[in-house]
Structure formats: C-alpha cells, structure tokens
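Summary of the model geometry
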Amino acid sequence: MKLQRSTGILLGVAITLVTTVASIEITQNSQIDSNNTLYDFTEGDITAFTVSHDNTVISFTKTDDTWQMEKPQTALADPASVAFLLNIITSNAIKETITTTPEQLDDYGLDKPVATLELTAEEENYALSIGEEDFSGTSLYVMTANSMGPDPVEIHLISKDLENGFERPVDDWILSQEEATRSGQESQEQFENRSGEP
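Residues numbered from 1 in each chain as written. Predicted model: local features only at pLDDT ≥ 70, side-chain atom pairs only at ≥ 80, totals over all residues. Heavy atoms only, no water.

Quick notes on the pattern of salt bridges
For the coordinates displayed, the defined rule picks out 2 salt bridges. Measuring nitrogen to oxygen at the nearest pair gives 3.7 Å for the salt bridge that ties Glu163 to Lys160. Classification of Lys160 by relative accessible area gives partly exposed; the value is 23%. One connected set of salt bridges, linked through shared partners, spans Glu133, Lys160 and Glu163. (Salt bridge = Lys/Arg side-chain N within 4 Å of Asp/Glu carboxyl O. Buried < 20%, exposed > 50% of the residue type's maximum accessible area, 1.4 Å probe, protein only.)

Shown next as structure tokens:
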C-alpha cells in the first residue's frame, strides 16, 4: 500500500507532536534529585524496623547498639545484614522524584508494594513502600508515608541495591553461632580490659 505524500507528511508531523508533548509531560512531572536522601535521620538514629516481604514479617529492635530479631523468632541479628539495609535507606541518594496521582500508583507497583519497611528513628515512626523496578532495571520506585497525600503523590527512584537489602531469607538476618561466640568473647575481653584499668 502506497501512502500519498501529503498523508506521509501529516503522519510525520503527528508523530513529532505526540513525542514532543510526551517529553514535556514527563519533564514537568519528574525532577532529578542530587544528594537528597529519603530521610533526614542517620542509620545510627534507627532503633527499630520491620520488613514485610513475600508474606514474611521480620522485626528488629536495637538495645545498646546490638540488634535483636523479634519476629518471626528471637535471636541476635547479623549486624552486617542490618547495616547494609539501613545504610541504603539513610544514605543512598534519590535519583529522581516523580509527581503523580494516587490513581497511577499501579504504574509503579506501589498500589500493592513488593515490600514495606516500617522504621522508628528519633522516637518517630516512618514507612517506606517499595514498588517495581524502573524500565532500566537499575532502580526501584519507592514512596515514603509522608509523600502520600490526597493528590499529588511523590514517588522516588533509588538504587536497586535496596532490593539486596530486604530480599534475604530469615536465616541470613540471624547472627551465626560462630559469630555470636566470637562477639561474646570480644565483649568479655573488652570488659576485662576496662575493669583492669587504673
């Protein structure tokens, strides 16, 4: 089928117009963030958190700088696993912020989040909903509780490293017996050294 020249020109103009409008719309509804993080508090300010993912709820509390798993079982938490997740949440920069409406949350996987995190820091409670990855596969869509309003809603893009932080089997969150023994011995030695100081 052969198109007439005027139809081809009209089709080209229409495609250019649609592309331009779409580009302007995306630019107006998103902004690049530099050095902004999800929260103003630091990793050290967090005293409790809960991860809900794949029908599993895992809760932790911190006492005297030691993390303890409270759910689904009681055990000493692996400090490396805890630090990895909390560092990402408090330190990783927001790559981009998108302003949208509550009706469009399903476009980002935030109508039914993949995971949620509840945090307690500086005696305040915070929530983070984690959605799907972006088209590049390098970032995740997330939404903080304070960015959820009637309209508009702010959605943030952050590094997909966050996924490595919360997608762990329960056993990976627990301090191994060997590590717990070593940690106990080091604490005992430190106590004895301090006790022996004049």
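Okay, back to it.
Some points on the pairing of strand β7 (residues 115-121)
Both faces of the sheet carry side chains from a regular strand, because those side chains alternate between them. Every second residue of β7 is oriented toward a common face, the buried set being Ala115, Leu117, Leu119 and Ala121 and the non-buried set Thr116, Glu118 and Thr120. By the bridge criterion, 7 bridges tie strand β2 (residues 46-53) to β7 in an arrangement that is antiparallel. Note that in β7 the partner of Val51 across the bridge is Leu117. Pairing of β7 with strand β8 (residues 124-133) involves 7 bridges; the strand directions are antiparallel. Within β8, the residue paired with Thr120 across the bridge is Asn125. Here β7 folds back onto β8, and the loop between the two strands holds 2 residues, one of which, Glu122, carries a positive phi near 50°. (Helix = DSSP H or I, 4+ residues; strand = E, 2+ residues; numbered from the N terminus. Pairing = 2+ DSSP bridges.)

Description of the pairing of strand β6 (residues 96-100)
Within β6, 4 of the 5 residues are buried, which leaves the element mostly enclosed by the surrounding structure. Pairing of β6 with strand β10 (residues 153-159) involves 5 bridges; the strand directions are antiparallel. Residue pairing for β10: Thr100 is matched across the bridge by Val153.

Points about the environment of Gln104
Take Gln104: it is sitting in the loop between β6 and β7. For Gln104, the side chain forms a polar contact with the side chain of Thr100, separated by 2.4 Å. (Polar contact = N/O pair within 3.5 Å; in protein donor to acceptor, adjacent residues only side chain to side chain.)

Describing the packing of aromatic side chains
The relative placement of two aromatic rings is captured by the distance of their centres and the angle of their planes. Considering all chains together, one arrives at 8 aromatic pairs under this definition. Aromatic pair Phe49 and Phe60: ring centres 4.7 Å apart, planes at 20°, arrangement stacked. Of this pair, Phe49 sits in strand β2 while Phe60 sits in strand β3 (residues 56-63); the two residues are 11 residues apart in sequence, bridging distant segments of the chain. In this pair, the class of Phe49 matches that of Phe60, namely buried. Centre to centre, the rings of Phe49 and Trp67 are 5.3 Å apart; their planes meet at 70°, and the pair counts as edge-to-face. Here Phe49, found in strand β2, pairs with Trp67, found in strand β4 (residues 66-71); they are 18 residues apart in sequence, far enough to count as distant. Trp67 sits in the buried class, given a relative accessible area of 10%. Ring pairing ties together the aromatic residues Phe49, Phe60, Trp67 and Trp173, which thus form one cluster. The residue whose ring lies beneath Arg168 is Trp173, and the NZ or CZ to ring-centre distance is 5.6 Å. (Phe/Tyr/Trp six-rings, centres within 6.5 Å; stacked < 30°, edge-to-face > 60°. Lys NZ or Arg CZ within 6 Å of the ring centre and 35° of its normal.)

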